[in-house]
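Coordinate analysis (summary)
So the chains spell out like this:
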Amino acid sequence: MLMELFNTFGSVFWLWQKMGVNSNRVEDFSSQETTLRITTESIVPGMEIHNVCLPPKKTTLQKLKQRLGEIFFPDDPLYRFKNQTWCKKLLLGLQFLFPIFQWGPEYSLRLLRSDIISGLTIASLAIPQGISYAKLANLPPIVGLYSSFVPPLIYSILGSSRHLGVGPVSIASLVMGSMLSETVSPHDEPILYLKLAFTATFFAGLFQASLGFLRLGFVIDFLSKATLVGFMAGAAVIVSLQQLKGLLGIVHFTTKMQFIPVISSVFNHRDEWSWQTIVVGVSFLVFLLTSRHISMKRPKLFWVSAAAPLTSVILSTILVLCFKLKTHKISIIGYLPKGLNPPSANMLSFSGPDLALAIKTGIVTGILSLTEGIAVGRTFAALKNYQVDGNKEMMAIGLMNMAGSCSSCYVTTGSFSRSAVNYNAGAQTAVSNIIMATAVLVTLLFLMPLFYYTPNVILGAIIVTAVIGLIDYQAAYRLWKVDKLDFLACMCSFFGVLFISVPSGLGIAVGVSVFKILLHVTRPNTLIMGNIRGTNVYQCLGRYKETSRVPSFLILAIESPIYFANSTYLQESGDGHRHKRH
């Protein structure tokens with residue numbers, strides 16, 4: 001009887017092949033009224049006869065349209081506009097383009113109070129971080145504050161996340177600084193370097209907005225979790241080592257970003273080490289790390305780590321000001337101009353020999369900042385059980401960077417540290433970004449002279465404290481326990497950043513991710529199935545001791561769709577399993 005059953009199913013499979021059915025879908029080969037009648041009366045008396053209806057006939061253009069719709073518009077963004085009046089469509093269109101119109105009408109004083117508290121809290125973190133990250137990108141410190149004013153305002157209107165704290169981030173700042181300084185010196189040609197930074201920011205925003213508009217967000221999914229863990233850890237180590245220049249008081253330091261040149265530069269310039277700088281730097285670094293540890297252990301004390309950077313800036317500035325005769329070896333920030341963001345559209349350069357460098361830097365920093373921003377936004381959205389639209393986020397981040405490039409800002413995105421503080425401080429809407437931008441505005445207009453005596457060593461300590469959280473050794477250990485190939489990808493990107501370069505490390509990360517995807521497609525996992533005695537259940541022979549093989553048959557479970565790329569492998573794999581059995 002079993003052989004008759006398999007013969008019948010084999011005949012049905014042969015019939016489907018003759019009619020043009022492939023492994024993925026049923027092709028149209030007849031009219032809608034045609035049905036397949038599969039009967040098994042001769043095998044199992046009394047079994048029901050099933051009528052299989054064929055799908056409606058479609059033209060090639062209709063099939064292509066449906067397939068493209070499934071790829072680019074799986075969520076059908078226009079479904080809410082169907083059967084609506086023109087007024088309702090206009091309102092829905094405004095809500096679709098500007099999420100602020102969704103929650104704006106329901107905004108209340110209770111929400112405003114929470115947003116004011118959270119906005120002022122992240123402002124205390126954003127001001128010192130903005131100055132520090134600008135130095136990391138080899139840009140004037142004031143540019144970091146400019147980048148904490150305009151982009152958050154634009155994101156509060158266009159963004160769909162309620163908790164994303166917008167501003168400069170360490171990784172994008174490091175990558176921009178390392179890529180541009182390889183060709184143009186920020187000290188010898190500061191104007192050209194600034195032009196390239198703004199131009200790269202424009203192209204980063206253009207690339208990000210294009211991904212969102214064309215709904216190509218799946219491009220950033222090629223950066224897998226494993227490769228990102230390794231890349232972030234390697235970049236964090238390089239960033240921390242670069243801060244040894246400020247923490248030790250070294251004047252002449254290498255501009256390279258590799259591990260060996262940085263370490264060599266530290267020990268080759270031991271005569272420039274300043275004990276005053278080391279004492280101040282180590283003291284405040286211990287203070288910042290302690291405050292971070294307290295906030296991690298007790299989340300209710302989040303404000304301790306949030307206020308620590310600004311507190312460090314204030315205390316160190318007062319210290320240097322009071323003992324400036326004895327602390328003359330400690331380098332300070334110096335003069336910072338007051339006022340709002342000056343326009344920089346005239347500094348965008350779309351021609352010349354350095355245009356390719358600006359485009360490449362923009363795309364690389366755009367990918368990194370977009371990946372971080374969307375990942376952070378989705379993380380906190382999941383905690384509060386609301387949705388973040390990935391395509392809207394891409395357009396919001398892209399447009400704010402394009403506008404920022406015209407207002408003296410460099411690449412910005414959603415910062416994990418700011419967003420965590422924003423979330424813990426009780427932020428309810430994107431108004432917290434408006435409050436933060438307002439606080440930065442007040443600082444730009446009235447408080448800039450107070451930063452004159454702020455020591456540079458404090459900026460290095462703030463950066464080290466911020467990036468040390470990017471070294472997720474626990475995630476790397478989990479990768480080792482779960483998937484050795486993922487762990488290998490993690491280590492490749494980590495050592496690529498550490499010993500080759502940051503852009504090369506990112507390229508290695510993408511390459512390893514693509515290789516892993518191709519490996520899974522061309523070499524899918526196959527399991528030999530067996531029957532659990534006394535039941536109709538079939539499970540893997542290697543996982544269930546109760547299973548046994550069906551005599552004269554080899555049953556394989558293929559954990560992947562069958563493509564031309566893996567068909568030969570599956571055939572050879574089946575032959576190999578049969579030979580092993582015999």
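The name given to the protein in an unreviewed UniProt entry is SLC26A/SulP transporter domain-containing protein, and the organism recorded there is Populus trichocarpa.

The next thing to look at is the UniProt feature "transmembrane region" (unreviewed entry) in the protein. In the numbering adopted here, UniProt assigns the feature "transmembrane region" (unreviewed entry) to residues 192-216, 273-289, 301-321, 434-452, 458-475 and 487-515. Within the segment residues 273-289, helix and strand shares are 88% and 0% respectively, and the terminal C-alpha atoms sit 23 Å apart.

Another aspect to go through is the layout of surface pockets. In this structure, the second largest pocket occupies an estimated 950 Å³ of space. Forming the boundary of the second largest pocket are 35 residues, of which Lys135, Leu136, Asn138, His187 and Lys245 lie nearest the centre. Elements with a minimum of two residues in the lining of the second largest pocket: helix 5 (109-136), helix 9 (190-213), helix 11 (244-248) and helix 19 (456-467). For the lining of the second largest pocket, the element with the highest residue contribution is helix 19, accounting for 5 residues. Here the residues of the lining of the second largest pocket sort into 17 nonpolar, 15 polar and 3 charged.

Before going further, it helps to spend a moment on the pairing of strand 5 (residues 526-532). With 6 of 7 residues buried, strand 5 is to be regarded as a mostly interior element. Bridge count between strand 5 and strand 8 (residues 555-558): 4 bridges; the pairing is antiparallel. Bridge pairing in strand 8 places Leu527 opposite Ala557. Looking at chain direction, strand 5 and strand 6 (residues 538-540) are connected through 3 bridges and run antiparallel. Bridge pairing in strand 6 links Gly530 to Gln539.

All right, on to a nonpolar patch on the surface then. On the surface, Leu340, Val442, Leu445, Phe446, Leu447 and Leu450 cluster together to form a nonpolar patch covering roughly 540 Å² of accessible area. Structurally, the position occupied by Leu447 is in helix 18 (residues 431-447).

Calculation criteria
- Along each chain, residues carry numbers from 1 onward, in the same order as the chain's sequence is written.
- Reporting in this predicted model follows two pLDDT cut-offs: at least 70 for local features of residues, and 80 or more for side-chain atom pairs to be given and counted; totals over whole chains, interfaces and linings ignore these cut-offs and use all residues.
- To get the side-chain values, all heavy atoms of the structure are used, and hydrogens and water are removed first.
- UniProt positions are given in the numbering used here, feature names are shortened, and annotations may be inferred rather than shown by experiment.
- Secondary structure counts use DSSP, requiring at least four H or I residues in a row for a helix and at least two E residues in a row for a strand, with both numbered from the N terminus.
- The method works on a 1 Å grid over the protein atoms by themselves. A cavity is a set of points holding a 1.4 Å probe that cannot get out, a pocket is an open set with protein on both sides within 12 Å along at least five of seven lines, and residues with an atom within 4 Å of a point line them.
- Grid points are joined across faces, edges and corners, and a volume is the space filled by probe spheres set on the points.
- When residues are grouped by polarity, Ala, Val, Leu, Ile, Met, Phe, Trp, Tyr, Cys and Pro land in nonpolar, Asp, Glu, Lys and Arg in charged, and all others, Gly among them, in polar.
- Only protein chains enter the area calculation, which uses a 1.4 Å probe; residues under 20% of their type maximum are buried, those over 50% are exposed, and those in between are partly exposed.
- Strand pairing is assigned whenever DSSP detects at least two bridges linking the two strands.
- A patch is a set of surface residues, each over 30% in relative accessible area and not in a salt bridge, joined within 9 Å for like charges and within 5 Å for the nonpolar side chains Val, Leu, Ile, Met, Phe, Trp and Tyr.
- Note on areas: these come from Shrake-Rupley sampling with a 1.4 Å probe, and a residue is covered only by the protein chains present in the view.
- Whenever a carboxyl oxygen of Asp or Glu lies within 4 Å of a side-chain nitrogen of Lys or Arg, that contact is scored as a salt bridge.

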